[in-house]
Amino acid sequence: METYLSREKELSGKKERRPSREHAAVFSPEKTNRLKRNMQIIWGIYGTPEIKEILAKKERIHFLDLKNARACLNLYYVNRGVLAEYEVDMGDQRDLAGARIYKQSETLISRYFYTEKGAEELLKSTNEAYQAFVDALSANDIEENALWDAIAKQESIKLSPGY
């Protein structure tokens, strides 16, 4: 027990590992414009009466799955905006016998859609889940009709940056 507690003290003193990748420098104006255009399409659909009507009956509308090498996101329309449910691969942990660690969470990401600087803020983010979002939306064009079709069929569009 004493060994366990002393090891816990050691670990609690260590700083959390943060990704050091500077994400914004990688993107061309074309990819940044594609990201913004896709975000406008997603937010434009959220504001329609049809979506509000569906949300009056359902809690969530699952419409998009995004994936890259380190994170998976599921996007939903909810009454308060756009919700991202994500899982990030935190890698192997030597102190846990090489076990893979995953971080799961959900967060409202609506603020990135309705502000002028939302896309730029996402580009600068070091959050792996947000990076997966940016990678997938800047590498693919989302067609508004395809998104509506997926919603009508109660399905989701699956995107990845092609890793």
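Placed above this text is the structure.
What this report covers is the structure whose coordinates are included nearby.

Conventions used here
- Residues numbered from 1 in each chain as written.
- Predicted model: local features only at pLDDT ≥ 70, side-chain atom pairs only at ≥ 80, totals over all residues.
- Heavy atoms only, no water.
- Core = buried A, V, L, I, M, F, W, Y, C linked by side-chain atoms within 4.5 Å.
- Buried < 20%, exposed > 50% of the residue type's maximum accessible area, 1.4 Å probe, protein only.
- Helix = DSSP H or I, 4+ residues; strand = E, 2+ residues; numbered from the N terminus.
- Contact = heavy atoms within 4.5 Å.
- Pairing = 2+ DSSP bridges.
- Phe/Tyr/Trp six-rings, centres within 6.5 Å; stacked < 30°, edge-to-face > 60°.
- Lys NZ or Arg CZ within 6 Å of the ring centre and 35° of its normal.
- Axes fitted to C-alpha atoms, helices over the stretch in contact; angles between N-to-C directions.
- Parallel < 35°, antiparallel > 145°, perpendicular 65-115°, else oblique.

Let us now look at the nonpolar core. Of all hydrophobic cores here, the largest spans 40 residues; its most connected members are Ile-42, Leu-64, Tyr-77, Phe-133 and Leu-137. Top contributing element to this core by residue count: helix α6 (residues 128-139), with seven residues. The contacts of Ile-42, once residues within four sequence positions are left out, are Phe-63, Leu-64, Tyr-77, Val-82, Phe-113, Leu-137, Ile-142 and Leu-147.

The subject of this paragraph is the pairing of strand β2 (residues 71-78). Of all eight residues in β2, six are buried; the element is thus mostly enclosed. Pairing of strand β1 (residues 61-67) with β2, which is carried by six bridges, proceeds in the antiparallel orientation. Considered in β2, the bridge of Leu-66 is made with Leu-73.

What follows is about the pairing of β1. The buried fraction of β1 amounts to five of the seven residues, a majority that puts the element mostly inside the structure. Between the end of β1 and the start of β2, which pair antiparallel, lie three residues. Inspection of the sheet shows β1 paired to strand β5 (residues 157-159) by three bridges, in the parallel sense. Looking at the pairing, Asp-65 lines up with Lys-158 of β5.

With that out of the way, let us pick up the packing of aromatic side chains. Considering all chains together, one arrives at seven aromatic pairs under this definition. On the numbers, 6.0 Å between centres and 80° between planes, the contact of Phe-113 with Phe-133 is edge-to-face. Taken together, the residues span a long stretch of sequence, with Phe-113 in helix α4 (residues 111-114) and Phe-133 in helix α6 at a distance of 20 residues. Of the two residues, Phe-113 and Phe-133, both sit in the buried class. Sitting above the plane of the Tyr-76 ring, Arg-60 keeps its charged end 4.8 Å from the centroid.

Moving on, we come to the environment of Arg-80. Position of Arg-80 among the secondary structure elements: in the loop between β2 and β3 (81-93). Residues Arg-80 and Ile-109 lie 29 residues apart in sequence; the distance between their C-alpha atoms is 9.9 Å. In contact with Arg-80, not counting residues within four places along its chain, are Tyr-46, Leu-108 and Ser-110.

A word on the packing of helix α2 (residues 29-46) against α6. Relative orientation of the contacting elements α2 and α6 amounts to 100°, with a least axis distance of 7 Å. It follows that α2 is roughly perpendicular to α6 by the angle criterion. Note on element contacts: α6 touches α2 through Phe-133, Val-134, Leu-137, Ser-138 and Ala-139, opposite Lys-31, Arg-34, Leu-35, Asn-38, Met-39 and Ile-42.

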